[in-house]
Amino acid sequence: MATRTAGGICYTLTRKAVKNLNLRVRPDGSVAVSAPKRVPAVAVDAFVLRHAGLIAGARERLAARPGWRSVPEQLLDGGDFWLWGKRFTLVLGAEGAPRRDGDRLLLPWPGPLPYTHPGLTRWLKGELRPMAVAALESLIPVLEARYHCAPTELLLRNTRSRYGSCRPATGVITLSSRLVHFPPEAVETVLAHELAHLVAADHSAAFYAAAEELLPGYRKRAGLLK
């Protein structure tokens, strides 16, 4: 991985076994490009420049989003951390277990702290599980009464690209631990979405009807996650 600059745009370049150049604007506004080994670096620079407008637009949209929508790659002492839609100031390397102190969040791991740190991931899952279980307990009776089905297991994982998933064949529901940054109602919305897949595997009219029945106002609330 290398860091390069093209027309004032700083980006990270990673060489991969891919056929085409791929560009991504991360949630923190940084730019990442993957490129085949055969493509010269100057050609990658030109590719980034051609997409300068796209990058600027993506960064504007990111800047306009609520703070809880952005998850940094690393956590810094004194930085922001959003928990259940509320902003906290991080204190890293604090003694004792993770805890809230007013508008501060005290974590025992020193910074800079990778977001994927195993201890942090375990703590995030511990924060999410009670909320997820409570939401399931309110939704499952409707699912059982109307559609005669129910999930078999709830898994929590630190997934980046998906808030949740469902395996209709097994009834396993998986949630992203990153949902702890969102307002609490986001958890219920994601669960309604995944439970509706036990009724309809696709996003058909039957799926949306089930989601609305499970959670009235589902379509409106789903806007939290877009």
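Below is a short write-up of the structure. Being a predicted model, the structure only gives us computed values, none of them experimental. (Residues numbered from 1 in each chain as written. Predicted model: local features only at pLDDT ≥ 70, side-chain atom pairs only at ≥ 80, totals over all residues. Heavy atoms only, no water.)

## Observations concerning empty space enclosed by the protein
Link 1 in the chain: Tallied over the full model, the rule gives 1 cavity of 30 Å³ or more.
Link 2 in the chain: Lining the largest cavity are V71, P72, E73, Y115, T116, R160 and R178.
Link 3 in the chain: Grouping the amino acids of the lining of the largest cavity by side-chain chemistry returns 3 nonpolar, 1 polar and 3 charged. (1 Å grid on protein atoms, 1.4 Å probe; cavity = no way out; pocket = protein on both sides within 12 Å on 5 of 7 lines; lining within 4 Å. Points joined across faces, edges and corners; volume = space filled by probe spheres on them. Nonpolar A, V, L, I, M, F, W, Y, C, P; charged D, E, K, R; others polar.)

## Focus on the pattern of salt bridges
Link 1 in the chain: Tallied over the full model, the rule gives 7 salt bridges.
Link 2 in the chain: Linking D45 and R4 is a salt bridge whose minimum nitrogen-to-oxygen distance equals 2.6 Å. Of this pair, D45 sits in helix α1 (residues 41–50) while R4 sits in strand β1 (residues 2–6), placing them 41 residues apart in sequence.
Link 3 in the chain: Taking relative accessible area as the criterion, D45 reaches 12% and is therefore assigned buried.
Link 4 in the chain: Looking at R4, the relative accessible area reads 27%, which means it is partly exposed.
Link 5 in the chain: When the shortest N-O distance is used, the salt bridge between R221 and E188 registers 3.1 Å. Of the two residues, R221 sits in helix α6 (residues 218–221) while E188 sits in helix α4 (residues 185–196), which places them 33 residues apart along the sequence.
Link 6 in the chain: Taking relative accessible area as the criterion, E188 reaches 22% and is therefore assigned partly exposed. (Salt bridge = Lys/Arg side-chain N within 4 Å of Asp/Glu carboxyl O. Helix = DSSP H or I, 4+ residues; strand = E, 2+ residues; numbered from the N terminus. Buried < 20%, exposed > 50% of the residue type's maximum accessible area, 1.4 Å probe, protein only.)

## Some thoughts on the packing of α4 against helix α5 (residues 205–214)
Link 1 in the chain: Taken N-terminus to C-terminus, the directions of α4 and α5 make an angle of 135°; their axes are 8 Å apart at the nearest point. With respect to their mutual orientation, α4 and α5 come out oblique. The way α4 lies across α5 gives a crossing that is right-handed. Contacts between α4 and α5 involve A192, H193, L195 and A196 from the former and F207, A210, A211 and L214 from the latter. (Axes fitted to C-alpha atoms, helices over the stretch in contact; angles between N-to-C directions. Parallel < 35°, antiparallel > 145°, perpendicular 65-115°, else oblique. Left-handed = near helix turned anticlockwise from the far one by under 90°. Contact = heavy atoms within 4.5 Å.)

## Here's the deal with the sheet that holds strand β12 (residues 164–167)
Link 1 in the chain: Judged by pairing direction, the sheet is mixed, and its 3 strands sit side by side in the order β11-β13-β12 without closing on themselves. The sheet is open, and its two edges are formed by β11 (153–157) and β12, each paired on a single side. Averaged over all adjacent pairs, the angle separating strand axes in this sheet is 20°, with direction ignored.
Link 2 in the chain: Across 5 bridges, the pairing between β11 and strand β13 (residues 172–176) is parallel. Residue L156 lies in a different strand from β13, and its bridge partner there is L175.
Link 3 in the chain: Where helix α3 (residues 118–147) meets the sheet, it contacts β11 and β13, and its direction lies at approximately 150° from that of β11.
Link 4 in the chain: Along the sheet, α4 makes contact with β12 and β13, crossing β13 at roughly 150°. (Pairing = 2+ DSSP bridges.)

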